[in-house]
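Fold and geometry: a report
These are the residues of each chain, in order.
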Amino acid sequence: EFALAKRNTCLRINLDTILNNIGILKMQFSEHTDVIAVIKANAYGHGSVEVARYLSRHGIHHFAVAAPSEGKVLRQAGVTDFIQVRTFIGSVVIKVDSGMSRNGCQPEDLVSLMEFCLENGVHVHSIMTHFSQAWDDPNFTKIQLETFLKAASPYRKRGIKLHAANSAGIIRGFGVDLDFIRPGIAIYGQPLDNMPSTIALYEELGLRPALAWLARPTLIKTLGPGRVVGYDQTYKCKNEEIVATFPVGYADGYNRLLSGKGLITSIYGTPCSVIGRVSMDAITVKLQENIECQDYFILQDDFTSPNSITHVANELKTITYEVCTRLSQRLPRLYI
Ligand code: PLP
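Our focus in this paragraph is the layout of surface pockets. Its volume calculated, the second largest pocket comes out at about 180 Å³. Forming the boundary of the second largest pocket are Val111, Met114, Glu115, Cys117, Leu118, Val122, His123, Val124, Tyr155, Arg158 and Ile160. By residue number, the principal contributor to the lining of the second largest pocket is helix 6 (residues 110-119), which donates five residues. In terms of residue class, the lining of the second largest pocket is made up of eight nonpolar, one polar and two charged.

Take the pattern of salt bridges next. As enumerated under the stated definition, the model contains 10 salt bridges in all. The shortest N-O distance in the salt bridge between Asp281 and Arg330 comes to 2.8 Å. Here Asp281, found in the loop between strand 16 (271-275) and strand 17 (283-287), pairs with Arg330, found in the loop between helix 11 (320-325) and strand 19 (333-335); they are 49 residues apart in sequence, far enough to count as distant. Here Asp281 falls in the partly exposed class, since its relative accessible area comes to 40%. On the accessibility criterion, Arg330 (39% relative accessible area) is partly exposed.

A few words now on helix 6. Listing the buried residues of helix 6 in full gives Leu110, Met114 and Cys117. The buried residues of helix 6 occupy an angular sector of 55° when the element is viewed end-on, so they sit on one face. Downstream of helix 6 by a residue or two, Gly121 has a phi angle that is positive, lying close to 70°.

Here the focus is the packing of aromatic side chains. For the structure shown, the criterion picks out six aromatic pairs. Ring plane angle 40° and centroid distance 6.0 Å describe the contact between Tyr44 and Tyr321, whose orientation is recorded as tilted. Of the two residues, Tyr44 is situated in helix 3 (residues 40-44) and Tyr321 in helix 11; the sequence distance between them amounts to 277 residues. Tyr321 gets classed as partly exposed once you look at its relative accessible area, which sits at 27%. By way of ring pairs, the aromatic residues Tyr44, Tyr188 and Tyr321 are connected into one cluster. Against the face of Trp135 rests Arg172, its NZ or CZ located 3.8 Å from the ring centre.

In the neighbourhood of the ligand, 15 residues make up the surrounding shell, with Lys40, Tyr44, Ser167, Gly184 and Tyr321 lying closest. The separation between an oxygen atom of the ligand and a polar side-chain atom of Ser167 is 2.5 Å. In isolation the ligand offers 400 Å² of accessible surface; the protein chains occlude 89% of this area. Taken together, the residues of the shell around the ligand break down into six nonpolar, four polar and five charged.

Right, let's talk about the sheet that holds strand 5 (residues 82-85) for a bit. Strand order across the open sheet formed by three strands is 3-4-5, with parallel pairing between neighbours. The sheet is open, and its two borders are formed by strand 3 (37-38) and strand 5, each paired with just one other strand. Pairing of strand 4 (residues 62-65) with strand 5, which is carried by four bridges, proceeds in the parallel orientation. Bridge assignment links Phe63 to a residue of strand 5, and that residue is Ile83. Relative to the sheet, helix 5 (residues 68-76) contacts strand 4 and strand 5, its axis offset from that of strand 5 by approximately 165°.

Considering every residue of the chain, the mean pLDDT works out to 94; 97% of them sit at 70 or more. The complex model carries a pTM of 0.95, and its ipTM stands at 0.99.

It is worth spelling out unusual backbone geometry at this point. A positive phi angle is found at Ala41, which is not glycine, with a value near 50°. If you trace the backbone, Ala41 turns up in helix 3. For Ser101, which is not glycine, the phi dihedral falls at a positive 55°. By the element assignment, Ser101 lies in the loop between strand 6 (92-95) and helix 6.

The next thing to look at is the sheet that holds strand 1 (residues 9-13). Read across the sheet, nine strands follow the order 11-14-17-16-15-18-10-1-19 without closing on themselves; strand pairing throughout is mixed. This sheet does not close on itself; its edge strands, each paired only once, are strand 11 (219-223) and strand 19. For this sheet the average axis-to-axis angle between neighbouring strands, irrespective of direction, equals 35°. In the sheet, strand 16 pairs with strand 17 via three bridges, with the strands oriented antiparallel. Looking at the pairing, Val274 lines up with Val285 of strand 17.

What follows concerns empty space enclosed by the protein. One pass over the full model with this rule turns up one cavity of 30 Å³ or more. Estimated volume of the largest cavity: approximately 30 Å³. The wall of the largest cavity is formed by Lys95, Val96, Asp97, Ser98, Met100, Arg102, Asn103, Thr129 and His130. Looking at the lining of the largest cavity, its residues break down into two nonpolar, four polar and three charged.

Scoring rules and cut-offs
- Residues numbered from 1 in each chain as written.
- Predicted model: local features only at pLDDT ≥ 70, side-chain atom pairs only at ≥ 80, totals over all residues.
- Heavy atoms only, no water.
- 1 Å grid on protein atoms, 1.4 Å probe; cavity = no way out; pocket = protein on both sides within 12 Å on 5 of 7 lines; lining within 4 Å.
- Points joined across faces, edges and corners; volume = space filled by probe spheres on them.
- Helix = DSSP H or I, 4+ residues; strand = E, 2+ residues; numbered from the N terminus.
- Nonpolar A, V, L, I, M, F, W, Y, C, P; charged D, E, K, R; others polar.
- Salt bridge = Lys/Arg side-chain N within 4 Å of Asp/Glu carboxyl O.
- Buried < 20%, exposed > 50% of the residue type's maximum accessible area, 1.4 Å probe, protein only.
- Arc of directions from axis to C-beta.
- Phe/Tyr/Trp six-rings, centres within 6.5 Å; stacked < 30°, edge-to-face > 60°.
- Lys NZ or Arg CZ within 6 Å of the ring centre and 35° of its normal.
- Near = heavy atom within 4 Å.
- Polar contact = N/O pair within 3.5 Å; in protein donor to acceptor, adjacent residues only side chain to side chain.
- Areas by Shrake-Rupley, 256 points an atom, 1.4 Å probe, with all protein chains shown as cover.
- Pairing = 2+ DSSP bridges.
- Contact = heavy atoms within 4.5 Å.
- Axes fitted to C-alpha atoms, helices over the stretch in contact; angles between N-to-C directions.
- pLDDT = per-residue confidence, 0-100.

Here it is as structure tokens:
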């Protein structure tokens, strides 16, 4: 409430849902496997410091980020757990390219790289690989896993830990019996695609979205027929219409491509259309009725609403990852 009142908008993040989602993923793998929670890009928009602190208090002590600056933010906030950073500092995690052809050494170069580390006193924490299509190409993922294990298994016998599985790998059961799993998107409860079978699987497993975006109108007006709304006059009222302005825009992560297409929902579930252009700091919405001081969901924390992150990602022809990670730093985050 306080956060919402500060700017009439906030992200509401349920940390317990994130912990619960990790618990569900944990059930998919063997007991000796540990979790590296991927909290890069501000924990996929959820707030890396708060997520890391909460998870650390509940027994998760390994985190992964991409940029060194992301690790620094965590350290400065007092997170003392293991943090894997894509550009290494301290103990290194060595990545093997098993088929994604992005980062990582070629499998055949692992031996010389490990020798180099040994000779130069570099502490190798673990060896990892990353799956490119574990969700929908089991054959290629199987080859990736085999390629990785062929190169890295000898080092496991010498006590070096191995990890491979991202969310898709975990749910599909690839690399889940190694030393760590590295889930990202699934811990935030966001589906990997918009297929009904994916949503059904998430529901069956009990994975739930942890984030909702709420806002309250800053102004409600009744506009007569012929009145135009927003930049470029892209919307003209046909009748007398109730139009509300909300303090969220593309600078907050509400994509401009949703101009005239987006839907938001009242807390009672009524869908309302976003009309006119999305501006940097505001959207205009056609309301069904003039209710002052009612909160609305800009993004809903379920799978089925027209403004769930899954549906919005689909509308934008992108993935849930992008919708989440574009949620701006300037949005107040309310943790429940
Ligand atoms: N491991 C690595 C190396 C990654 O780059 C990522 C994310 O891109 C993850 C794990 C987590 O992936 P996901 O969010 O699909 O679970």
